[in-house]
Amino acid sequence: MTDTPMTGRWVATRYSAGQAAGAFLRLTLVRPVWWLFVAGIELALALLIGISFDDRYGTLTRVLWGPVYALVPTLGIVVVVLGLSYLVNRRRFRQRLREGVVLEGGIGAHFLVLHSPWAQTTLSFDGLASVRSRGQWVFLQQIGSPVVNVWPAELFPPAELARLERSVQPRKS
């Protein structure tokens, strides 16, 4: 489809899966949807705890102390969800990023080409909904897909990655 040369090459180490899972977790923590989820849990628990106070406590006490008492179980739920998410993602990344696996990438005028031992993917800049980089990893999401693909940042020269990110900006606005 394109004659995009492979300009980046990356070889997975034994730590790559854990690093990718950690970067994905940090990406989750900056998303507003995550914080709405946490706020929803806190609100639900605060209401349940506030209602559970016996009749000798007034409404003001219930409204003020319900969220305080709900904070600990909310934090517990958040830690469990984030921990499980990290472990599941690390396991999935371990399948794809086994030690020694070589990934290659190239960015052309209007296309991005990514190559793994199992497949070669060609993506049009126009088909990307978002491009985010976090540390050593780049997260790509296609228009109409909830899936976020994770690729090593070494596959994307800094100038080309900046151009790719700029090409997606008009669609985000």
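Here's a quick rundown of the structure. Model, not experiment: these values are computed from the prediction.

Some remarks on the nonpolar core
Reasoning step 1: Residues Leu97, Leu112, Val131, Trp137, Leu140, Phe156 and Leu164 are the most contacted members of the largest nonpolar core, which totals 31 residues.
Reasoning step 2: Of all the secondary structure elements, the ones that give two or more residues to this core are helix 1 (16–29), strand 2 (102–107), strand 3 (111–115), strand 5 (128–134), strand 6 (137–142), strand 7 (148–152) and helix 4 (158–172).
Reasoning step 3: The dominant element in this core, judged by the number of residues it contributes, is helix 1, at 5 residues.
Reasoning step 4: In this view, Leu112 contacts Gly106, Ile107, Thr121, Thr122, Leu123, Phe125, Leu140, Phe156 and Leu164; residues no more than four positions away in its chain are not counted.

A few points about the sheet that holds strand 3
Reasoning step 1: Strands sit in the order 1-2-3-4 across an open sheet of 4 strands; the sheet is antiparallel. Where the open sheet ends on each side, the last strands, each with one partner, are strand 1 (8–11) and strand 4 (120–124). On average, each strand axis in the sheet is inclined to that of its neighbour by 15°, with strand direction left out of account.
Reasoning step 2: The sheet contact formed by strand 2 and strand 3 spans 4 bridges and is antiparallel. Looking at the pairing, Gly106 lines up with Val113 of strand 3.

What counts and how
Every chain is numbered independently, its residues counted from 1 as its sequence is written. Reporting of local features is limited, given that this is a predicted model, to residues whose pLDDT is at least 70; pairs of side-chain atoms are given and counted only at 80 or more, and all residues count toward the totals for whole chains, interfaces and linings. Values shown for side chains rest on all heavy atoms present in the structure; no hydrogens or waters enter the calculation. Among buried residues, the Ala, Val, Leu, Ile, Met, Phe, Trp, Tyr and Cys ones that are joined through side-chain atoms within 4.5 Å form a nonpolar core. The classification of residues rests on relative accessible area computed with a 1.4 Å probe and restricted to protein chains. Under 20% of the type maximum is buried, over 50% is exposed, and intermediate values are partly exposed. By definition, any uninterrupted DSSP run of H or I lasting at least four residues is a helix, any uninterrupted run of E lasting at least two residues is a strand, and each is numbered from the N terminus. Between two residues, a contact is recorded if the distance between any of their heavy atoms is within 4.5 Å. Note on pairing: DSSP must find at least two bridges between two strands before they are called paired. Note on geometry: axes are C-alpha line fits, over the in-contact stretch for helices, and angles between N-to-C directions span 0 to 180 degrees.

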